[in-house]
Amino acid sequence: LVPKKGCVHLIRAFAQVVTRHPEAELVVVGDGFLRERLEALAREQRLPVRFLGGLSSEGVRQQMAMARVFCLPSIRAPNGDAEGLPITLLEAQACGVPVVTSAHGGATEGLIDGEIGFAFSEGDENQLAERLAQLLTDDGLLARMSLAAREFVVKRFDLTECTHQLEEFYDDFCAR
């Protein structure tokens, strides 16, 4: 839980979601120096947010199995730090969990917006809330995106195929 993860935007957006969907719950996995501030923000707004801290791989898989949607509301941090292609986005999709993200690399390389999840403008809490609400209320959309997300990751990020493409790139580069 560091600035580039944008969790403060997720909590603020979730306040909008809860007004329309009081049964919704936000689960935050991870740790970092912003955790206390984020917990305080959630308490101040009386939001149903659980902070689980860092989890083992198995713990993350268990959370993914229970999740309806995965959100990574990344921003460019004041020091310039930003996400590339977050592996967590691919892991969620591999588990059949649609994603909502602003992550630059994830939104362009690891996501087909509107088909396997949603991209939203960095820091746009209203748009984030709307995208989350769509996936919380539309079971048909959720089911379509869940299937498409898994299929996308299996096809696009197959380890053997990615390795082959990387080897071809190096061969071409070295041949020059």
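Provided above is the structure to which this section pertains.
What you see is a predicted model, and the numbers here were worked out from it, not measured in a lab.

Colleague: Break down the pattern of salt bridges for me, with residues and values.
Modeller: With the rule as written, the count across this model stands at 10 salt bridges. In this structure, R35 engages E39 in a salt bridge whose closest nitrogen and oxygen atoms are separated by 3.0 Å. Here the residue R35 and the residue E39 both occupy positions in helix α2 (residues 35-44), the gap between them amounting to four residues, near one helical turn. Using a relative accessible area of 21% as the deciding quantity, one classes E39 as partly exposed. Of the charged contacts, one joins E151 and K155 as a salt bridge, the two residues approaching to 3.5 Å between their closest N and O atoms. On the criterion of helical spacing, the pair formed by E151 and K155 is a turn pair, its members being four residues apart in helix α7 (residues 139-156). It is possible to trace a salt-bridge network through shared partners that takes in D31, R35 and E39.

Colleague: Which residues make up the pairing of strand β1 (residues 26-29), and what are the values?
Modeller: Alternating residues of β1 divide into L26 and V28, all buried, and V27 and V29, none buried. Here β1 pairs with strand β2 (residues 49-53) via four bridges, running parallel. Each residue of the ladder has a partner; that of V29, found in β2, is G53. Where the polypeptide runs from β1 across α2 and back to β2, its parallel neighbour, the crossover connection is right-handed.

Colleague: Can you lay out the packing of aromatic side chains for me, pointing to particular residues and giving the numbers?
Modeller: For any two aromatic rings, the description comes down to two numbers: the centre-to-centre distance and the angle of the planes. In the structure shown here, the tally under the stated rule is three aromatic pairs. Ring centres of F169 and F173 lie 6.3 Å apart, and the angle between their planes is 20°; this geometry places the pair in the stacked category. Here the residue F169 and the residue F173 both occupy positions in helix α8 (residues 159-175), the gap between them amounting to four residues, near one helical turn. One aromatic cluster in this structure is built from F169, Y170 and F173.

Here is what the cut-offs are and how they apply
Residues numbered from 1 in each chain as written. Predicted model: local features only at pLDDT ≥ 70, side-chain atom pairs only at ≥ 80, totals over all residues. Heavy atoms only, no water. Salt bridge = Lys/Arg side-chain N within 4 Å of Asp/Glu carboxyl O. Helix = DSSP H or I, 4+ residues; strand = E, 2+ residues; numbered from the N terminus. Buried < 20%, exposed > 50% of the residue type's maximum accessible area, 1.4 Å probe, protein only. Pairing = 2+ DSSP bridges. Right-handed = clockwise from strand over helix to strand, strands pointing away. Phe/Tyr/Trp six-rings, centres within 6.5 Å; stacked < 30°, edge-to-face > 60°.

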